[in-house]
Amino acid sequence: MQVQIHPSWEKALRAEFEDPYFQNLIAFVKEEYQNTLCFPPRGLIFNAFNKCPLNDVKVVVLGQDPYHGKGQADGLCFSVPEGQSHPPSLQNIFKEINKDLGLTIPKSGNLHHWAKQGVFLLNATLTVRAHHAGSHQKKGWETFTNRVIELLSQERENLVFFLWGGYAKQKIKWIDTQKHLVLTSGHPSPLSANRGYWFGNKHFSQCNNYLKGRGETPIQW
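Every chain begins its residue count from 1, and numbering advances along the sequence as written. Since the coordinates come from a predicted model, pLDDT governs what is reported: local features require at least 70, and pairs of side-chain atoms require 80 or more to be given and counted, while whole-chain, interface and lining totals use all residues. Where side-chain values are given, they derive from all heavy atoms of the structure, hydrogens and water being excluded.

Colleague: Any chance you could break down the overall build of the chain for me, citing the residues and the numbers?
Modeller: The number of helices and strands found in the chain is ten helices and six strands. In terms of overall size, the chain behaves like a compact globule, its C-alpha atoms giving a radius of gyration of 17 Å where 221 residues would be expected to give roughly 17 Å. Structurally, the chain occupies a C-alpha span of about 45 × 35 × 25 Å along its principal axes. Every one of the 221 residues in the chain was classed for burial, and the buried ones make up 52%. In what follows, residue pairs with any heavy atoms lying within 4.5 Å of each other are defined as contacts. By sequence separation, contacts in the chain at least 24 residues apart represent 65% of the contacts at least 6 residues apart. Each accessible area is a Shrake-Rupley estimate made with a 1.4 Å probe; only the visible protein chains count as cover when residues are assessed. Surface accessibility of the chain: about 10400 Å² in total, with carbon and sulfur atoms responsible for 47%. Charged residues are defined here as Lys and Arg on the positive side and Asp and Glu on the negative side; His and the ends of the chain fall outside this count. Charge positions are represented by NZ for Lys, CZ for Arg, CG for Asp and CD for Glu. Looking at charge distribution, the chain has the averaged site of its 24 positive side-chain charges lying 6 Å from that of its 18 negative ones. Helix and strand assignments come from DSSP, with helices taken as H or I runs of at least 4 residues and strands as E runs of at least 2, each series counted from the N terminus. Note that the radius of gyration is over C-alpha atoms, with the globule rule given as 2.2 Å times the number of residues to the power 0.38. Each residue gets one of three labels from its accessible area relative to the maximum for its type: buried under 20%, exposed over 50%, partly exposed in between, using a 1.4 Å probe on protein chains only.

Colleague: So what's going on with the packing of helix 5 (residues 88–101) against helix 10 (residues 203–213)? Residues and values would help.
Modeller: Angle between the axes and distance between the axes: these two values describe a pair of packed helices. Packing of helix 5 against helix 10 leaves a shortest axis separation of 8 Å and a crossing angle of 60°. As judged from the angle between their axes, helix 5 and helix 10 are oblique. Seen from helix 5, the contacting residues are I93, E96, I97, D100 and L101; seen from helix 10, they are H203, F204 and S205. In this classification, Asp, Glu, Lys and Arg are treated as charged, Ala, Val, Leu, Ile, Met, Phe, Trp, Tyr, Cys and Pro as nonpolar, and every other residue, Gly included, as polar. The residue inventory of the contact of helix 5 with helix 10, partitioned by class, reads four nonpolar, two polar and two charged. Note on method: axes are straight lines fitted to C-alpha atoms, helices fitted across the in-contact stretch only, with angles between N-to-C directions ranging 0 to 180 degrees. Small angles under 35 degrees read as roughly parallel and large ones over 145 as roughly antiparallel, with 65 to 115 read as roughly perpendicular and the rest as oblique.

Colleague: Pulling in residues and values, what's your account of the packing of aromatic side chains?
Modeller: Describing an aromatic ring pair means giving the distance of the ring centres and the angle of the ring planes. Ring pairs shown here join Phe, Tyr and Trp side chains whose ring centres sit within 6.5 Å, with only the six-membered ring taken for Trp; geometry is labelled stacked below 30 degrees between planes, edge-to-face above 60, and tilted in between. Tallied over the entire structure, the rule returns 21 aromatic pairs. Measuring from ring centre to ring centre gives 6.3 Å for F22 and W141, while their planes differ by 80°; the resulting arrangement is edge-to-face. Of this pair, F22 sits in helix 3 (residues 20–35) while W141 sits in helix 7 (residues 141–155), and the two are 119 residues apart along the sequence. Pair check on accessibility: F22 and W141 agree, each one buried. Through pairs of rings, three or more aromatic residues link up here, namely W9, F17, Y21, F22, F46, F49, F120, W141 and F144. Positioned above the aromatic ring of F199 is the side chain of K99, whose terminal nitrogen or guanidinium carbon lies 4.7 Å from the ring centre. Working rule: Lys NZ or Arg CZ, within 6 Å of ring centre, within 35 degrees of ring normal, means a charge sits over the ring.

Colleague: Describe the sheet that holds strand 2 (residues 59–63), naming the residues involved and giving the relevant values.
Modeller: Strands are labelled as partners when DSSP assigns at least two bridges between them. What the four strands build is an open sheet, ordered 3-2-5-6; its pairing is parallel. Here the strands that pair on one side only, and so sit at the sheet edges, are strand 3 (119–123) and strand 6 (181–185). Averaged over all adjacent pairs, the angle separating strand axes in this sheet is 20°, with direction ignored. In terms of strand pairing, strand 2 meets strand 5 (residues 160–164) through three bridges, oriented parallel. When the bridges of strand 5 are listed, V61 appears paired with F162. Relative to strand 3, helix 7 is tilted by about 155°, and along the sheet it contacts strand 2, strand 3 and strand 5.

Colleague: Summarise the pairing of strand 3; cite the residues concerned and give the values.
Modeller: Along strand 3, five of the five residues are buried, which leaves the element largely enclosed by surrounding structure. Across the two faces of strand 3 the burial is the same, with V119, L121 and N123 and F120 and L122 all buried. When strand 2 meets strand 3, the two strands line up parallel, connected through five bridges. Counterpart to V60 in the pairing with strand 3 is F120.

Colleague: Give a description of helix 5 that names residues and reports values.
Modeller: Along its 14 residues, helix 5 runs 20 Å from first to last C-alpha, staying within 8% of the 20 Å computed at 1.5 Å per residue. Turning to helix 5, its buried residues are S89, L90, N92, I93, F94, E96, I97 and D100. On its buried face, helix 5 is in contact with helix 6 (112–116), strand 5, helix 9 (190–193) and helix 10. Within two residues after helix 5, G102 carries a phi angle of roughly 75°, on the positive side. To estimate the expected span of a helix, subtract one from its residue number and multiply by 1.5 Å.

Colleague: Could you give an account of unusual backbone geometry, with specific residues and numbers?
Modeller: Cis rather than trans, the peptide bond between F39 and P40 has omega equal to -5°. In this fold, P40 is placed in the loop between strand 1 (38–39) and helix 4 (47–51). In this structure, F78 is a non-glycine residue whose phi angle is positive, near 70°. The topology assignment puts F78 in the loop between strand 2 and helix 5. Taking relative accessible area as the criterion, F78 reaches 10% and is therefore assigned buried. Despite not being glycine, H131 shows a phi value in the positive range, around 65°.

Honestly, that's just the spatial picture; any functional story needs more than this.
Set out below in structure tokens:
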């Protein structure tokens with residue numbers, strides 16, 4: 001299986017691609033895609049990287065797993081293709097944007113327009129077996145994506161990291177909090193949001209204020 005990834009990332013991550021753990025990971029993923037139904041489609045596994053080149057990243061959103069329902073995963077965390085109904089977490093993200101910034105909740109759950117503005121929508125695990133959440137965890141993806149987070153922290157300055165929920169919050173150890181803004185809250189999933197851990201975090205306005213304060217164009221959420 002070929003790694004189809006933007007040249008900016010390919011150059012920066014070449015050592016990872018050549019590492020034995022990554023070779024083993026790719027062999028596992030290739031076998032899974034040959035023998036079972038997996039998501040996202042093969043050509044979209046590295047979609048987050050292809051939609052948002054390394055030097056364009058301004059904001060990092062960390063998810064855990066791709067959606068495991070048919071037709072939902074598009075390689076960007078929390079995003080779904082045009083025409084797909086909004087999963088619960090995405091509904092709550094849009095509700096918070098509406099409350100925070102007064103923006104209308106969009107009909108489409110496709111977040112490619114975020115990625116084009118420099119929002120890097122990264123899942124910790126980039127693939128999943130259909131209808132089996134977490135099925136590709138602890139196979140090597142986390143080692144790879146931890147390195148990606150660390151690389152962004154080291155190579156870039158003044159990024160905004162969104163760490164939503166306990167799993168994402170663990171990733172703070174890979175981020176230099178002196179160089180970057182790290183925003184944490186509960187996860188937008190209904191279980192967390194309905195307990196009061198998500199709504200009202202105002203992450204989207206905080207992010208844009210931080211970017212504007214450093215001469216960057218704010219994100220059109």
